[in-house]
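Per-entry structural report
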Amino acid sequence: MARRRIRVEVRGIVQGVGFRPFVYNLALRHGLVGFVRNHSSGVSIEAEGKPEDLEAFLHALKHHPPPAAQIDWVGVESVALQGESQFRIEHSQVQAAASTPISPDLATCQECLREFSDPRDRRFRYPFINCTNCGPRYTIVRDIPYDRPNTTMASFRMCRQCQQEYEDPSNRRYHAQPNACARCGPQVWFVWAQAPKTQFLAPSGDVPRGQEAVEEFHRLIDQGGIVAVKGIGGFHLACLATEDRALATLRRRKGRVDKPFALMVPDLPTAHRLAQISPDEERLLCSVARPIVLLRRKVHAEVSPLVAPNNPFLGIMLPYSALHVLLLEGRVLVMTSGNRSEEPIARTNTEAFDRLRCLADAFLLHDREIFVVCDDSVTRVFRGVELPVRRSRGYAPMPIRLAQNAPPVLAVGGELKATFCITKGPYAYMSPHVGDMGNLETLQALQRAVEHFLRLFRVQPQWIACDMHPGYLSTHWAKQFALAHNLPLLEVQHHHAHVAGTLLEYQVDPSEEVLGVSFDGTGFGTDGAIWGGEFLLATWGRFRRVAQLKYIPLPGGDAAIRHPWRVALAHLWASGVPWYENLPPVKVATSAQRKVLLQQLQENLNCVPTSSMGRLFDAVAALLGVRQTVSYEAQAAMEMEALCTNLEEMSPYPFEFTTQSVPWQLDPQPMWKTLVQETLAGKSPQWMATRFHRTVGQMILEICQRVHQQWGVRTVVLSGGVFQNVTLLHFVVDRLEHQGFRVLVPRQVPPNDGGLALGQVAVALARLHELSASPSRAKDSK
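Note that the structure is a prediction, hence the values are computed from the model and not measured. (Residues numbered from 1 in each chain as written. Predicted model: local features only at pLDDT ≥ 70, side-chain atom pairs only at ≥ 80, totals over all residues. Heavy atoms only, no water.)

Some remarks on the overall build of the protein chain
For the protein chain, the helix and strand inventory stands at 25 helices and 30 strands. Taking 2.2 N^0.38 as the reference for a compact globule, 782 residues should give roughly 28 Å; the C-alpha atoms of the protein chain span a radius of gyration of 28 Å, in line with that estimate. If one aligns the C-alpha atoms of the protein chain with their principal axes, the spans along those axes are about 90 × 70 × 50 Å. Of all 782 residues assigned to the protein chain, the portion counted as buried reaches 61%. In the protein chain, the proportion of contacts linking residues at least 24 apart, taken out of those at least 6 apart, comes to 72%. When the accessible surface of the protein chain is split by element, carbon and sulfur atoms take 50% of a total near 29800 Å². Between the centroid of the 83 positive side chains of the protein chain and the centroid of its 75 negative side chains there is a distance of 1 Å. (Helix = DSSP H or I, 4+ residues; strand = E, 2+ residues; numbered from the N terminus. Rg over C-alpha atoms; globule rule 2.2 N^0.38 Å. Buried < 20%, exposed > 50% of the residue type's maximum accessible area, 1.4 Å probe, protein only. Contact = heavy atoms within 4.5 Å. Areas by Shrake-Rupley, 256 points an atom, 1.4 Å probe, with all protein chains shown as cover. Lys, Arg positive; Asp, Glu negative; His and termini not counted. Charge placed at Lys NZ, Arg CZ, Asp CG, Glu CD.)

Right, dumping it as structure tokens:
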């Protein structure tokens, strides 16, 4: 029988996921000879044998890869026979300009957990147990290829037994770069907040280590203490979820007044006791990414009301490392980010010493360096599939696949929920969540993360893209970066980016025009106003505004955002509705505050025009008495959504449409008059909240129909932070699809500003394509 030899190139997430030993054992099973090796772009294989064995090998390679692998492309070509006698795994090959996708951090697998729970196993209760199917990946990688010397495990010399596992292709720890055991690997220790800095850097003396450290953690937590825990992608602040006093202390210290805390529960039965969980939500909870999943709280859930005040949802996650399993042991813990509000998460033991001692009573530390901060991801289920809220650990830096190779672009996102994105070849690499760009510390975290991405993926950007808001720190940083590297800078309109990112994600033809419904709180408009209630006819690279919420003056800018009563009074003033004394937003304001606010509105002092749908939600929530001041973004809107019942049973409030010229104006004046009448008549907040949601949904439906009639568009994109409101989203998507529209909702990145960078990339790629197609324009742009 004639033999054949093939060369196979594999691209995707194929390093750090047990791909080479999988190929090795697959080749042995099919009687093949040759080799497999990593290189900077992926994995190369040469296999020689009978044609039918090669076919079976390729079929298994493509259709049954290791569980953590993600194959994006397989190239096969015939090469000359070599006549080898065995199949082998070769050392990695480094190519200076090449790169490959890197696996995100993976939750501890069931095989490792079985060993961890077995008293006879040498890794019994070892907090850092892992294998090629699980454990830290992205957070420990310094450089590629993904080999131990290029990770933060380089300083841990493996013991003889670990080394044997590491070198045995039949072992699931073959080339598992974080491979270790209690004898040779990272260790945990416990220190009090008052301990000297040296104890934070390395344990000495009688500092509790290992199991003793875990027992000290349990003892303090059970007494109502707060412990800073070093985990996979940064520090958490932990306390019991049932202890009101501990939670009140944590909120006071952290400066987190009402924003919900995440919970980590030991197992699924515990999660089911706390929340209503569908099969789809259960699958998401148990996925290898182990995100925080937003779940509807059960009425008698046994957690403190201080976990998520006035919120019907709980953010719940399962343990994703063996260390977490040790810490829980039947407990339900609050596990919130280890930082002061608005600051980046602490990454190193030194940062924890400098920044967290005022927040925690004690620390559970370890000596495996976290090279990259990666906060917990947050997600929820919409219509059976995932709707991301924060894309970070477990997802980043998994790329979004592009339809074709792209030139290298760096996009730096916006101000809130900041992320950035780089493109190379067929991939757009989204960063983990960086944070809100409101201070120098977060800006420095952005700088460090960008530098790491560019080095890791071997990218030298040709273009920089940013938001067009002149006050954003990310925009200032992008301008400085572009100037320092002599690169062209593209400023992208905020709401166009929301739409364009979804078009890229769904690989819609870049020239196809869609209707983008982009609703959020704040975005700088091309006319200098604050946009946020926008209907855009858009392609990847261009847009025109065809409808908008009518402008109202926003008095005091940020002050109005923090105090929805101010926005409510501005809306009432703009609609010609008196400020009746017994309306909730009027009652909360002093006469002096009302006088100053009225003067601002009448004289247009320190007022900026806004078409924001997010502010409209805030204003209605204030009128209904739901929330007059907020301590975190979208708090008022979320609490109002929680009051909603069945939208189908409600008729919408009246809303005025002016369509004489483009952009059409959507005027809520008739709605405000009816809302005030119902408030004065004593209608329930539940009634009015539900009717308001129905009104917004109906308004979207009517505009989509009118746009279709005038421009023939049948594809609708729904994006922007308002569409995290699943009550509204369900109603709109169901109705639009029933009417024959194709509806696109973000699935791989959040609809909020955490997805902006992907949209900026889409706009930049479209503009670059335009320039390449028009040499004269390209010349003019230099």
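Description of the packing of helix H22 (residues 685–711) against helix H23 (residues 726–738)
Relative orientation of the contacting elements H22 and H23 amounts to 35 degrees, with a least axis distance of 9 Å. Taken as a pair, H22 and H23 cross one another with a handedness that is right-handed. Contacts between H22 and H23 involve His-693, Arg-694, Val-696, Gly-697, Gln-698, Ile-700, Leu-701 and Cys-704 on the former and, on the latter, Thr-727, Leu-728, Phe-731, Val-732, Arg-735 and Leu-736. Residues belonging to the contact of H22 with H23 are distributed by class as follows: eight nonpolar, four polar and two charged. (Axes fitted to C-alpha atoms, helices over the stretch in contact; angles between N-to-C directions. Left-handed = near helix turned anticlockwise from the far one by under 90°. Nonpolar A, V, L, I, M, F, W, Y, C, P; charged D, E, K, R; others polar.)

Digging into the pairing of strand E23 (residues 530–538)
A large share of E23 lies buried, amounting to nine of its nine residues. One ladder, built from eight bridges, connects strand E22 (residues 514–524) with E23; its direction is antiparallel. Paired with Gly-516 across the two strands is Leu-536, which belongs to E23. Hairpin connection, E22 to E23: the antiparallel pair is bridged by five residues, and Gly-528 has positive phi, about 85 degrees. Direction of pairing for E23 relative to strand E24 (residues 543–549): antiparallel, over a ladder of five bridges. Looking across to E24, one finds that Glu-534 is bridged to Gln-548. (Pairing = 2+ DSSP bridges.)

Concerning helix H2 (residues 51–63)
It helps to recall that an α-helix has 3.6 residues per turn; residues three or four apart then point in one direction. Between its first and last C-alpha atoms H2 spans 18 Å; for 13 residues at 1.5 Å apiece the expected length is 18 Å, and the two agree. Considered for burial, the residues of H2 that qualify are Leu-54, Phe-57, Leu-58, Ala-60 and Leu-61. Viewed end-on, H2 has its buried residues packed into an arc of 165 degrees, placing them on one side of the element. On its buried side, H2 packs onto strand E1 (4–13), helix H1 (19–29), strand E3 (42–49) and strand E4 (70–79). (Expected span 1.5 Å × (residues − 1). Arc of directions from axis to C-beta.)

Notes on the sheet that holds strand E5 (residues 87–89)
Hydrogen bonding along the main chain pairs the strands of a sheet, whether they run parallel or antiparallel. Taken in spatial order, the five strands line up as E4-E1-E3-E2-E5 in an open sheet, and their pairing is mixed. What marks the edges here is a single partner per strand, and that holds for E4 and E5. Across the sheet, the mean angle separating the axes of adjacent strands is 15 degrees when strand polarity is ignored. Pairing geometry for E1 and E4, over nine bridges, is antiparallel. Bridge pairing in E4 places Ile-13 opposite Gln-70.

Quick notes on the state of the cysteines
One pass over the full model with this rule turns up zero disulfides. The structure places no disulfide on Cys-466, whose sulfur is separated from the nearest cysteine sulfur, that of Cys-421, by 14 Å. (Disulfide = S-S within 2.5 Å.)

Re the sheet that holds strand E20 (residues 463–467)
Taken in spatial order, the five strands make up an open sheet running E17-E19-E18-E20-E21, and their pairing is mixed. Of all strands in the sheet, those bounded by a partner on one side alone are strand E17 (399–406) and strand E21 (489–492). This sheet shows a mean twist of 25 degrees between the axes of neighbouring strands, independent of strand direction. Here E20 runs beside E21; their pairing, made up of four bridges, is parallel. Considered in E21, the bridge of Ile-464 is made with Leu-489.

Comments concerning the nonpolar core
The biggest cluster of nonpolar side chains holds 77 residues, and the ones touching the most others in it are Val-517, Phe-519, Phe-535, Trp-672 and Leu-718. Residue contributions to this core peak at 10 residues, all from H22. Those residues in contact with Leu-718 that sit more than four places away from it in its chain are Val-517, Phe-723, Leu-729, Val-732, Val-733, Val-743, Leu-744, Val-745 and Pro-746. Formed by 76 residues, the second largest nonpolar core is a distinct cluster that contains Leu-58, Leu-237, Val-332 and Phe-363. (Core = buried A, V, L, I, M, F, W, Y, C linked by side-chain atoms within 4.5 Å.)

Examining the packing of helix H12 (residues 440–456) against helix H13 (residues 473–484)
Between two packed helices, what matters for the description is the angle formed by their axes and the separation of those axes. Viewed as axis vectors pointing N to C, H12 and H13 meet at an angle of 45 degrees, and their least axial separation amounts to 11 Å. Between H12 and H13, the angle falls in the class oblique. Of the two possible hands of crossing, H12 and H13 adopt the one that is right-handed. Only Leu-473, Trp-477 and Phe-481 of H13 make contact with H12, whose side of the interface consists of Leu-443, Leu-446, Gln-447, Val-450 and Leu-454. (Parallel < 35°, antiparallel > 145°, perpendicular 65-115°, else oblique.)

Some words on helix H18 (residues 591–603)
Taking 1.5 Å as the rise per residue, H18 with 13 residues should run 18 Å; its terminal C-alpha atoms sit 18 Å apart, in good agreement. Phi turns positive one or two residues past the end of H18, at Asn-604, with a value near 55 degrees.

Structural notes on the packing of aromatic side chains
Using the criterion set out here, one finds 17 aromatic pairs in the structure. On the numbers, 5.7 Å between centres and 65 degrees between planes, the contact of Tyr-126 with Phe-128 is edge-to-face. For Tyr-126, a relative accessible area of 3% corresponds to the buried category. Measuring from ring centre to ring centre gives 4.9 Å for Phe-617 and Phe-692, while their planes differ by 75 degrees; the resulting arrangement is edge-to-face. Residue Phe-617 is located in helix H19 (residues 613–623), and its partner Phe-692 is located in helix H22; the two are separated by 75 residues in the primary sequence. (Phe/Tyr/Trp six-rings, centres within 6.5 Å; stacked < 30°, edge-to-face > 60°.)

Points about the side chain of Arg-20
Position of Arg-20 relative to the elements: it lies in helix H1. Only 2.6 Å separates the side chain of Arg-20 from the side chain of His-175, close enough to count as a polar contact. Once you skip the residues sitting within four places of it in the chain, Arg-20 turns out to touch Val-36, Arg-37, Asn-38, Ile-89, Glu-90, Ser-92, Asp-147, His-175 and Gln-177. (Polar contact = N/O pair within 3.5 Å; in protein donor to acceptor, adjacent residues only side chain to side chain.)

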